[in-house]
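Here are the chains, one letter per residue:
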Amino acid sequence: MSQETHSYSANAENANFSERRSVWDNFKLELRKSPFTARFGIIIILLYALVAVFAPALAPYGQAQVFPSPYDPWSSTHIFGTDQIGRDVFSRMIYGARNTVGIAVATTFLSFLIGGTLGLAAAIDRRWIDQILSRSVDVLMAIPSLIFALVLLSIFGSTITSLIIIIAVLDSTRVFRLTRSVAVNVVVMDYVEAARLRGEGLGWIMRREILPNIMPPLIAEFGLRFCFVFLTIAALSFLGVGIQPPTADWGSMVRENANLLQFAQYDLRAGLTPLLPAAAIALLTVAVNFVVDWFLHKTSGLRDE
Amino acid sequence: MWLIGFFIRPVVFVMNKSSERGNLLLDVKDLKIQGFSDEKWHDIIKGIDLRLHRGEIMGLIGESGAGKSTLGLAAMGYTQPGCRITGGNIYFDGVDLANLSDVQKRNFWGDRMTYVAQSAAASFNPAHRLILQTTASTIRSGAKSKDQAYSDAMDLYKELNLPDPQNIGDRYPHQVSGGQLQRVMTAMAMSPRPDLIVFDEPTTALDVTTQVEVLSAMRKIVEKFNTAAIYITHDLAVVAQMADYIKVLRYGKEVEEAPTREMLSSPKEEYTKSLWSVRSLEKAEQQKSESVLSLEGIDAAYGSAKVLFDVSIEVAKGTTVSVVGESGSGKSTTARVITGLLPQSAGSVTFDGEELPKVLKDRTKEQKRRIQMIYQMADTAMNPRQTVGEIIGRPLEFYLNMRGVDKRNRTLELLEMIELNGEFLQRLPSELSGGQKQRVCIARALAANPDFIICDEVTSALDQIVQEGILKLLLRLQKDLGLAYLFITHDISTVKAISDQVVVMNQGEVVEQGQKTDVFQPPHPAYTELLLSSVPDMDPDWLTNLNAARQ
Amino acid sequence: MHPVLSTVLQRLGLGLATLLAVSIIIFISIELLPGDFGQIVLGQAATKETVAAFRLELGLDKPSYLRYFDWVVGVVQGDLGQSFSGRAASGQDRSREVAELIGPRLKNTLFLAGITALISVPLALLLGISTALYRNSIYDRSINATTLTTISFPEFFVAYILILFLSSLNQWLPSLANVDAATPLDERLLRVALPVLTLTLVIIAHMMRMTRAAIINLLASPYIQMAQLSGASRTEVIIKHALPNAWAPIATVIAFNLAYLVVGVVVVEVVFVYPGIGQLMVDAVTTRDIPVVQGCALIFAVTYILLNLIADIIGIITNPRLLHPK
C-alpha cells in the first residue's frame, strides 16, 4: 500500500501550505463565516463610530442648548423630549456618543501605551525593572480601581484630563499584567534567544520578534479593557464625579433624568428617557464583547472542549 | 513467538477472567475515526483492522500523526473529546464497543480493560494517595474487598520492583519520581486483573536508564498474569522488547503487520525499511586536529545551584563532538556557556585562539557570527510571523550587510544547499513540515558563514526517516564547508551516526571523553556502562539478555 | 516548619505589607492637595488665623512621616480623624468624627452585601458547575448568552430596568432603600430587595462565567481522562476527582467576585439612596471631604485585601503538594 518511495525529498515533505492573502481579504473571508453575534457587534460599533464622528451634523440642536420647557415629553421637535433644564435629550444622546465613547477610547489607548510598554520592558528585563514594576502593580491592584479612582478624583478634581489620566493609569496595571504574561511566554522562545545570540538590539527584539506575536491577545484585551474603562467612566459620571456638565455624557444623563422613571406608569416614554443613555452604554459594551468573543475564538484556537 | 511463550510460561496465575490463552479477545474491523479541527472533521483513522488474542502483546508503532494513540484508545471504545467514530466495529469479547453508550462502556473500563498513560505525573490525581488510586476501580467493581485490594496492590508494587512496597502507596503522586510513578500506574492497570491493558508511550518521557527498569517491570508483570496488551510507541527498539506482533501505522492506515522477529529481520514495505535506516548511517571517524573551540575547567551555576563542575571539552576544526547525557547532565548548560548566555563562574572558553568574553554583550559581532546555534524544537526557533526569506535573510543583512538582489540570491543559494527550492521564500514556518523547519534553521545558521555550530538535540523531535535526512545534510555540509559541530543529544544511535569525538556527561561533570571508537569500546566508566547498556537494541532478546547480565 | 504553615505565614506577611503600602498611598493623597486647600475647605471668608489653626489641627507643621505615624496609630485605634465638613469660616467647628460617620453606614453596607452574597454565591456556583458539566448544551448556551449580555450592562442600567418594571410600572417593591437604625428587620429586608436583586444579577453573571471556566479547565486535566478510563461514573469523576482539586480555583472566583460586589455596592447605593458607606464616599468625593474619603477607601481596600488573602490561604491549605511535602 505504500505509495511513498524510499528516495527522500525535502521539497516533497507534507506540509499545510495556505494561499497568501491580504489582511483585508482574510478579514472578508472570516467575516463571511462569522456568527450572527459578531456581525451584529461590528455593525453596532461602526454605527457608533459614525454617530460620534458626525455628531454635529446629525444632532438637531447643540449639546448645551437650553429650551424654555424642561421635562418636555417626546415629540416631533424633541424626539426624546427635554431634560431637567430643558436640553434636547436626542441631541445630547448623539453628542454623548462622541464624548463618552471618545473619552473611553482615548483612556484605553493611553492605558495601553503605559501598560504595554512597561509590560514589554518587564518581560524582557526580568531583573530589577520587572521586580519594581510588578510589586508596584500588585499594590495598586490591591485597591479596587473604582475606589482608587474616587480617592484620586477627590484630590485632583473631576476635569476630563484628570479623569482620563487617572483611569488610564489605574487600568494600565491590568494591561501591564497581561502584556507581561503573554510577552514572557514569547521571550523564552528560542527565536528570541536566537535573535539575542545574533546580537540584535532591544528595539529590534521588541518590535520585530515579540510584538507581532503578542498582538492577537492584546487586541482582544483592548476590546475588553475598553468595555471596562467605558463602564467605569460611565459609573463615575453617573455618580456625579466623572464627566461634568454641560458636556453631554451618557452616564450623567442617566442620573439627571432618573427622576422621570417614577412617571413611567403615567407616560411610559417619559419613564424610558433615563434608560436610553444607559441602553446606549449597554448596547456598545455588548457589541464589543460579541466581537471580542469571536476574535478570541478565531485567534486562540482554544475551544471549550 | 507467542506460541513458544505459550509452552514456556506456566499459566499459574489464572486469577484473571480470561478462560484460556489464545481466544480472540479484541477484533477491530474497518475502524474509521474523525477528529474536529479548524472547523472541519478530518479523518484520523482511515479503516484499520486489529485482532488481538488473549495473552498477546501487540505493538503499535508509527510517527507522530499516524493515529496510533487514537487507535489504542479506540480499542477501549474511548474517543477523545473532539473525535468521533464514523465507521467499523470494535468487538471486545464479542461485544461491539462502538455501539455501546458511555455508561455501558464504563463497566468494561477499569475492570476488564485498563490504560497506562504517557505522563504519569499528570495522569494521577494530585489529591489522593497512590494506593487509593491504584485500587479504586478494583474496589468499585466489587472484585475484591478493600483489604484484599490493598494487599494485592502491595504485592504488585513489589513485583514491579518499587522501593518499600508496603508503604509507597501511602504517598502522594508528587512524592515519588517519574519512573516510579509509571510503575505505580502499571500496578493500577493490573490491579483489577484486566483482560487488556493499553500502554500509551509509557516510557517516552523517561531517561534511558530509568526506561530500562520500567520496561523490565512492565514486561515481567504482563507476562506473569498473561494479560493481553497493546503497546503504543514510536521507538522500534522498545517495542521489539515488549511485543509479540508489531503493526506499523502511517497517516491513519496500516502499513504492515508481522510477528516481531519477522518484522525486524525482513520488513516488507519500503516505509518500514526506511524506519530502520538511521541506525545504519555511520560516519567515518576523523582524528583530532587543530582545535577551533576549547572549554577549560568550566564551572557554572544557576543562581546558587551549581550545575557544571570543571568541564573541559575540545572541538577540532571540521569535526563533530557529541555530548551525551540524560536530562540534568548539564549538556545544554554547556552550550549556554559557550554562547555566552550563561557566564561561567570559573574557567575559560577559547575560540580560534582567542579567549571569548564571558557575557554575550561583550562579544564582538564577528565572534557572534562565527558561532551559530540550531535548536531542538524548530517550531519555537523560528518567529511564526516571519517568512522563510526573512528568517534566512536577516543574518545576511545583519552580519554581512547584504541587501536587495545580493541578499535574495544568497538566500536562494542557501535554500538550495538545504535541498529546498525558491518557492519556500514566501512561506511561513507554520506552512512547513517538521523536517523542512529544521532545514530552514540550518540555513539560518549557515547564512552567517560560521565556523562552528552547536546542534542542541536537533533531530530528537523529528520522525525517524526525517532524522536521517537531516543528519545526512549536516554531514554533507560539514564536508563541503569544513564546519565543526558540537552535537548535543541523548540518543546513542545518533551519536554513532555523526560524531568523531564523544563526551559523556552526568550531573554536570564529564564522565568520559575521547574518540568515538574508544568511548564505545569497553572498558567503560560505570556511568558510561550504565548509559550505553540501557539503550535498547533492535533485538527482541536485548532486554532479556541485559537483565540476565545485570543480575 | 511545615510548608503549609510557612507558606500561610508568608502570605499573611505579604498581605500585611500590601496593607501598609496601601495605607501609605491613601495617606499620601492628602499630601497631594494644593497648598490653599484650607481656604477652600473653610470658605473664602476664613481669616488667616482660622486657616492657620486648621492647618495646625491637621498637623501640617510636622514632617509627613510623623503625621503618617500618628495617622496609622489613630486608625489602628479606630480613630479616622475629623471630617472636613461642618467647619465654618469663623473657625467654629461642628465637624464630626469620621469613624462616627462611617460606623452605622458600614453596618448597612455589610447587611446589603451579606444578603447578596448569601443568595448569589451558591446560585452562581450551581450555575457555573452545571453549565460546565453540560457544556455546549442548549442550557449552557442560553445561560452563556444571557450572562455575556448581563456583564456588559452597567449596574445602574440593571437597577433602573428593575425599578421600571418592579417599582414604577407595578408597585411591587420600593425603589427607595432609605433605612435607619430604627427600621425593623422585615421592613429592612423589603427595602433592600431591589438593591440586592440588582447586585445579585450582576455578580451571578460574573461569578458563574468564572466558575464555569475554572471547572472546564479542571476537567481538561489528564487525570480526569484517566479517571474516566478507569470506569468512574460522571458523579464519581466530579466528586472524587475534580472537587478535591477545585477548592483553590473556586475560592479565588468567590473572593474576586465578593471584592467586585464591594465595588458594585457604591453605584447601587447611590441609585437606591441606601445609607451605606459607598454613598457616603461618593458624597465625600463631591465635597472633597478628604478624611472621609480616606476612611472609606481604607475600609474598601482592607476588605478587598482580606478576601483575596482568604482565597489564597484556602488555596494553600487544600494544595496536596504543600499538605504532603516530599
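Residues numbered from 1 in each chain as written. Chains lettered and ligands numbered in written order. Predicted model: local features only at pLDDT ≥ 70, side-chain atom pairs only at ≥ 80, totals over all residues. Heavy atoms only, no water.

### Notes on the sheet that holds strand E16 (residues 371–374) of chain B
All names here are of chain B.
Phase 1 of the analysis: Strand order in the open sheet formed by 6 strands is E16-E17-E18-E13-E19-E20, and the pairing between neighbours is mixed. Because the sheet does not close on itself, it has two edges, and the strands there are E16 and strand E20 (509–515). Going across the sheet, the axis of each strand differs from the next one's by a mean of 15°, ignoring polarity.
Phase 2 of the analysis: Pairing between strand E19 (residues 501–506) and E20: 6 bridges, direction antiparallel. (Pairing = 2+ DSSP bridges. Helix = DSSP H or I, 4+ residues; strand = E, 2+ residues; numbered from the N terminus. Axes fitted to C-alpha atoms, helices over the stretch in contact; angles between N-to-C directions.)

### Concerning the packing of helix H4 (residues 89–124) of chain A against helix H9 (residues 202–238) of chain A
Phase 1 of the analysis: Direction vectors running N to C along H4(A) and H9(A) enclose 145°, while the axes themselves pass 8 Å from each other. H9(A) is crossed by H4(A), and the crossing has right-handed handedness. (Left-handed = near helix turned anticlockwise from the far one by under 90°.)

### Considering the interface of chain C and chain A
Where interface size is quoted, it is often the accessible area lost as the parts come together.
Phase 1 of the analysis: Chain C puts 43 residues into the contact, and the matching count from chain A is 46 residues.
Phase 2 of the analysis: Interface of chain C and chain A: buried area, both sides summed, is about 3900 Å²; carbon and sulfur atoms make up 78% of it.
Phase 3 of the analysis: On the surface where chain C and chain A come into contact, there are 0 salt bridges.
Phase 4 of the analysis: Summed over the shared surface of chain C and chain A, the number is 5 residue pairs in polar contact (both at pLDDT 80 or more).
Phase 5 of the analysis: Of all the secondary structure elements, the ones that give two or more residues to the side of chain C that touches chain A are helix H1 (3–31), helix H6 (138–152), helix H7 (155–169), helix H9 (193–219), helix H12 (247–271), helix H13 (277–286) and helix H14 (290–317) of chain C.
Phase 6 of the analysis: Considering each element in turn, the side of chain C that touches chain A owes the most residues, 8 residues, to H7(C).
Phase 7 of the analysis: For the side of chain C that touches chain A, the residue count by class is 32 nonpolar, 8 polar and 3 charged. (Contact = heavy atoms within 4.5 Å. Buried area = accessible area lost by both parts, 1.4 Å probe. Salt bridge = Lys/Arg side-chain N within 4 Å of Asp/Glu carboxyl O. Polar contact = N/O pair within 3.5 Å; in protein donor to acceptor, adjacent residues only side chain to side chain. Nonpolar A, V, L, I, M, F, W, Y, C, P; charged D, E, K, R; others polar.)

### As for the domain arrangement of chain B
Residue and element names in this part refer to chain B.
Phase 1 of the analysis: Once the domains are mapped, chain B shows domain 1 (23–280) and domain 2 (291–520).
Phase 2 of the analysis: If you average the C-alpha positions of domain 1 and of domain 2, the two centres end up 37 Å apart.
Phase 3 of the analysis: Taken together, the contacts link 11 residues of domain 1 with 9 residues of domain 2.
Phase 4 of the analysis: Contact between domain 1 and domain 2 buries roughly 1000 Å² in total, counting both sides, with carbon and sulfur atoms accounting for 46%.
Phase 5 of the analysis: Where domain 1 packs against domain 2, one counts 0 salt bridges.
Phase 6 of the analysis: Between the two partners, domain 1 and domain 2, sit 2 residue pairs in polar contact (both at pLDDT 80 or more).
Phase 7 of the analysis: Contributing elements (two or more residues each) for the side of domain 1 that touches domain 2: helix H8 (208–225) and helix H11 (270–276).
Phase 8 of the analysis: For the side of domain 1 that touches domain 2, the residue count by class is 4 nonpolar, 4 polar and 3 charged. (Domains from an automatic or database assignment.)

### Focus: a nonpolar patch on the surface
Residue and element names in this part refer to chain A.
Phase 1 of the analysis: A cluster of nonpolar residues, Leu 50, Val 53, Phe 54 and Leu 58, forms a patch on the protein surface that exposes about 390 Å² of accessible area.
Phase 2 of the analysis: By the element assignment, Phe 54 lies in the loop between helix H2 (36–53) and helix H3 (55–58).
Phase 3 of the analysis: Judged by its relative accessible area of 46%, Phe 54 is partly exposed. (Patch = residues over 30% accessible without salt bridge, like charges linked within 9 Å, V, L, I, M, F, W, Y side chains within 5 Å. Areas by Shrake-Rupley, 256 points an atom, 1.4 Å probe, with all protein chains shown as cover. Buried < 20%, exposed > 50% of the residue type's maximum accessible area, 1.4 Å probe, protein only.)

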